[in-house]
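Residue strings, one per chain:
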Amino acid sequence: MTTERHTWIAFLRAINLGANRKFPKQAISAAVVRAGGTDVETYINTGNVRFDHPVGDRAEMEAILEEAFAADRFFEVPTICVTPAELKVIANDAAAVGMGHEGKQYVFLCKELTDSGSRDALVARAGEGERVYVIGRAVHLLTDSFQQTKITNAVVERHISISTNRNLNVIRTLADKWA
């Protein structure tokens, strides 16, 4: 009898940003293996990891990883999981909303869906020259300057849920590599 395995892509939030939140790729991989993951791969040192696991429920998988990461690092590591199919949709949505945009593009991956009122309030926060699209559990930001944007992780989290962001190149690369 074989146990069914589910493929997950996890995005870790707020690691490797300062001296106190270091979490190297090798340590992430080891923690995922200790949590029951197999066929683990990481991509760059910003907290992107692909693995197989018997758990098929997203929220349960996120909780298992967050517990494993906290045990390894002694600090909380909010984690957002998506399936390869979900990542492919997010990458395709990013391509569609960014068509013709010549500035920078970022994707905030969120733990939860949002209601239309919260989504509208977030979109209204966009600064001049920015566009924001909320599609599923992803917030797509088109901006000329990420350093000057009014749409930050804190703002996304205030309106939607825990999130982490990646630039469009990372999203595309991971979708091509893992989806």
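Going by the structure above, here's the rest.
Residues numbered from 1 in each chain as written. Predicted model: local features only at pLDDT ≥ 70, side-chain atom pairs only at ≥ 80, totals over all residues. Heavy atoms only, no water.

## Focus on the packing of aromatic side chains
With the rule as written, the count across this model stands at two aromatic pairs. Relative to Phe-69, the ring of Phe-23 has its centre 5.3 Å away and its plane inclined at 85 degrees; by these criteria the two rings are edge-to-face. With Phe-23 in the loop between strand 1 (6-12) and helix 1 (25-34) and Phe-69 in helix 2 (residues 58-73), the pair connects residues that are 46 residues apart, well separated along the chain. Of the two residues examined, Phe-23 and Phe-69, each falls in the buried class. (Phe/Tyr/Trp six-rings, centres within 6.5 Å; stacked < 30°, edge-to-face > 60°. Helix = DSSP H or I, 4+ residues; strand = E, 2+ residues; numbered from the N terminus. Buried < 20%, exposed > 50% of the residue type's maximum accessible area, 1.4 Å probe, protein only.)

## Brief notes about the pairing of strand 4 (residues 79-82)
Neither face of strand 4 is open: one carries Thr-79 and Cys-81, the other Ile-80 and Val-82, and all of them are buried. As paired strands, strand 1 and strand 4 are joined by four bridges and run antiparallel to one another. Looking at strand 4, one finds that Ala-10 is bridged to Cys-81. (Pairing = 2+ DSSP bridges.)

## Quick word on the sheet that holds strand 3 (residues 48-53)
Sheet strands pair via backbone hydrogen bonds, and the direction of the pair is either parallel or antiparallel. The antiparallel open sheet is built from four strands, whose spatial order is 2-3-1-4. Unpaired on one side and paired on the other, strand 2 (38-42) and strand 4 mark the two borders of the sheet. On average, each strand axis in the sheet is inclined to that of its neighbour by 20 degrees, with strand direction left out of account. Most of the contacts of helix 2 go to strand 4, to which it runs at about 140 degrees, and overall it touches strand 1, strand 3 and strand 4. On the sheet, helix 6 (residues 168-178) packs against strand 1, strand 2 and strand 3 and is oriented at approximately 30 degrees with respect to strand 3. (Axes fitted to C-alpha atoms, helices over the stretch in contact; angles between N-to-C directions. Contact = heavy atoms within 4.5 Å.)

## Focus: the side chain of Arg-137
Structurally, Arg-137 is set in the loop between strand 6 (131-135) and strand 7 (138-143). Of the polar contacts made by the side chain of Arg-137, one reaches the backbone oxygen of Cys-81; its length is 2.9 Å. Excluding residues that lie within four positions of it along the chain, Arg-137 makes contacts with Arg-58, Glu-62, Ile-80, Cys-81, Val-82, Glu-86, Phe-108, Leu-109, Cys-110, Lys-111, Glu-112 and Leu-113. (Polar contact = N/O pair within 3.5 Å; in protein donor to acceptor, adjacent residues only side chain to side chain.)

## Examining the nonpolar core
Ranked by size, the top nonpolar core spans 18 residues in total, and within it Leu-12, Phe-23, Ile-28, Phe-51, Leu-65 and Phe-69 carry the most contacts. Counting 17 residues, the second largest nonpolar core, distinct from the first, contains Ala-91, Ala-94, Leu-109 and Leu-174. (Core = buried A, V, L, I, M, F, W, Y, C linked by side-chain atoms within 4.5 Å.)

## What to know about the sheet that holds strand 8 (residues 163-167)
As summarised here, the arrangement of the four strands in space is 6-7-5-8, forming an open sheet in which the pairing is antiparallel. Edge strands, defined here as strands with exactly one partner in the open sheet, are strand 6 and strand 8. This sheet shows a mean twist of 20 degrees between the axes of neighbouring strands, independent of strand direction. Relative to strand 8, strand 5 (residues 104-110) is paired through five bridges, and the arrangement is antiparallel. When the bridges of strand 8 are listed, Val-107 appears paired with Arg-166. Helix-sheet contacts for helix 3 (residues 84-97) involve strand 5, strand 6 and strand 7, and the interaxial angle to strand 7 is about 30 degrees. Packed onto the sheet, helix 6 meets strand 5 and strand 8 and runs at close to 90 degrees relative to strand 8.

## A look at the packing of helix 3 against helix 6
Packing of helix 3 against helix 6 leaves a shortest axis separation of 9 Å and a crossing angle of 140 degrees. The angle between helix 3 and helix 6 places the two elements in the oblique class. Crossing of helix 3 against helix 6: the hand is left-handed. Here Pro-84, Leu-87, Lys-88, Ile-90, Ala-91 and Ala-94 of helix 3 lie close against helix 6, whose contacting residues are Leu-168, Ile-171, Leu-174, Ala-175, Asp-176 and Trp-178. Taken together, the residues that form the contact of helix 3 with helix 6 break down as 10 nonpolar, no polar and two charged. (Parallel < 35°, antiparallel > 145°, perpendicular 65-115°, else oblique. Left-handed = near helix turned anticlockwise from the far one by under 90°. Nonpolar A, V, L, I, M, F, W, Y, C, P; charged D, E, K, R; others polar.)

## Some details on the environment of Ile-64
With respect to the element layout, Ile-64 can be found in helix 2. Of the residues examined, Ile-64 reaches a relative accessible area of 25% and is grouped as partly exposed. Taking the C-alpha atoms as reference points, Ile-64 and Val-32, 32 residues apart in sequence, are found 9.2 Å from one another. Excluding anything up to four places from it in sequence, Ile-64 contacts Ala-35, His-53 and Val-55.

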